[in-house]
Amino acid sequence: MSSFSKDSDNSLKSTVKPRYLILGSGSIGFALAKELREINKAVIIVDKDEAKVETLREEGYEAIVGDIADPELPKQIDLRNIVAILFLSSDSEVNKKGIENFKDLVSPDVHLFSRASDIIKKEEMGLIGADFVFMPSRVVASSLSRSLERTESAHRGNRLAQWLEGTKGKKLAIVIHDNPDPDAISSGLALKEISKNLGVEANILYHGKIGHQENKAFVNLLGIDLSKMEEHDPENFDKMALIDCAIPGVNNMLPPNSYVGIVIDHHPPGDAEIKAEYIDIRPNFGATATIMTKYLQQLNINISKTLATALLYGIRTDTQDFKRKTDPADLSAASYLYPLADHEILEQLERPSMAIETLDVLGEAIRNRQVIGSYLLSNVGNIRDRDTLPQAADYLMSLEGISTTVVFGVTEERIFISGRSNDIRINLGEIMRQAFGEDAGGHATAAGAQIPLGVFSATKDRQTLLRLVNEAVVKKFLNAVGVEEAGE
């Protein structure tokens, strides 16, 4: 054949419309053929029922009489320009025979889809060459689950709106956890925006300090308005909301047993009883910012560039760029926020300068590390900024053979502890709570604790104090995970 005729043949093939071959025109096969035709796709349908085939032809479909299990069937069909073959009989054994009949007669870029009745048949079809196998019951259940999730989301949005509308004309304090991170700050900002849209005046309050250099840059670059709790009397507010924390007095400065109107959080509460008028805790989500994005979507509230940037950054930091405890909801929320965000600011936030104290604490954490099996514990001594601890815990996770890190330091009044883990055998949040009490907790992979110095504060010599703290923290943690310290 001349080069001209080869080029002509290739040109001719490229103009032929890609086609989908559907084997079996039952309820699923016919519904799919109809959907494909509506979006202008070319479809060939094969069925052994002659009456069905005749009806399909009358409706304008290209249809062929044939038995899926018949080894001679592939010879009756023009397989050129077929992009996918779908075996949709209700009989899994028939579909298996169809896959075996066709798999060696089509090119590798033709995908084979098949219907299976159960997980065993699904695995068998995968082994003999099917590219994608589905079970109708699972597909229906998944579709219903998504619909129910949307229904629940609408229900939650309506309930939050009703609560806030009942607070119209009053002052709301949005309390975020001590030494807040971008997830807490952005979530508080989102609730403030929702409140504003529903006629409620709100202030975001926090205790402690924003010490982490990235968090400082986050607040400064976005111009986020936060107030110190010490500057406000809780009595001046009509209602209280706890965001990214759930219990008054635990990692926040509210007096214990304070009456709370709203609790929205993604941290698992453990055995603690949560008391509030409206509670939304979703431990499966990777960030509270994801929950707040869902509310903004459900209530159809316009998301400004600043708010979108804040929420997207909050989701990314709390999920460690979707590498830690990430739910599909986190990905869909981030996808929604991405085109609305200021990417120049996000780029600046990703390249902050490292504070000298952070570098010092990192050095101490490396120098003072104690390794027991796959657990690494490190006492960094005196600290001014507790936000340096999670950075050190994150960094030490990169060491070979380490599955869990615990880094702790001491201020004038408290011991602060931060941990990270990728060990599937433990839930770090529960371990921290078991070891250090109710002021501890977090996720399975990231958790922390803070403990009053108590009797240790009477120790006048600082080095003796640090040694006693080290012994107590290490012993309590190892007891909680069921590991004996070396030498015991």
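The paragraphs below set out a description of the structure included in this document. All values reported here derive from a predicted model rather than from experimental measurement.

### Some details on the side chain of Asp387
Mapping Asp387 onto the fold places it in the loop between β14 (375-382) and α14 (388-396). Of the side chains with opposite charge, Arg386 lies nearest to the buried Asp387, which makes no salt bridge, at 4.8 Å. The residues touching Asp387, leaving out its near neighbours within four places in the chain, are Asn179, Lys209, Ile210, Gly211, His212 and Asn215.

### Things to note about the nonpolar core
Counting 53 residues, the largest nonpolar core has Leu164, Phe218 and Leu226 as its most contacted members. In this structure, Leu226 is in contact with Ile176, Ile185, Ile204, Tyr206, Ile210 and Val219, ignoring residues within four places of it in sequence. Residues Leu428, Met432, Ile451 and Leu466 belong to the second largest nonpolar core, which totals 28 residues.

### Considering the packing of aromatic side chains
Taken as a whole and judged by the stated rule, the model has 5 aromatic pairs. Look at Phe30 and Tyr61: their rings are 5.9 Å apart centre to centre, the planes differ by 65°, and that puts the pair in the edge-to-face class. Pair noted here: Phe30 is in helix α2 (residues 27-38) and Tyr61 is in the loop between α3 (50-58) and β3 (62-65), with a separation of 31 residues, a long-range link. Between Tyr375 and Phe477, the aromatic rings sit 6.0 Å apart at their centres with planes inclined by 75°, giving edge-to-face as the arrangement. Linking Tyr375 in strand β14 with Phe477 in helix α16 (residues 462-481), this pair joins segments that are 102 residues apart in sequence. The same class applies to Tyr375 and to Phe477, which are both buried.

Parameters at a glance
Residues numbered from 1 in each chain as written. Predicted model: local features only at pLDDT ≥ 70, side-chain atom pairs only at ≥ 80, totals over all residues. Heavy atoms only, no water. Helix = DSSP H or I, 4+ residues; strand = E, 2+ residues; numbered from the N terminus. Buried < 20%, exposed > 50% of the residue type's maximum accessible area, 1.4 Å probe, protein only. Lys, Arg positive; Asp, Glu negative; His and termini not counted. Salt bridge = Lys/Arg side-chain N within 4 Å of Asp/Glu carboxyl O. Contact = heavy atoms within 4.5 Å. Core = buried A, V, L, I, M, F, W, Y, C linked by side-chain atoms within 4.5 Å. Phe/Tyr/Trp six-rings, centres within 6.5 Å; stacked < 30°, edge-to-face > 60°.

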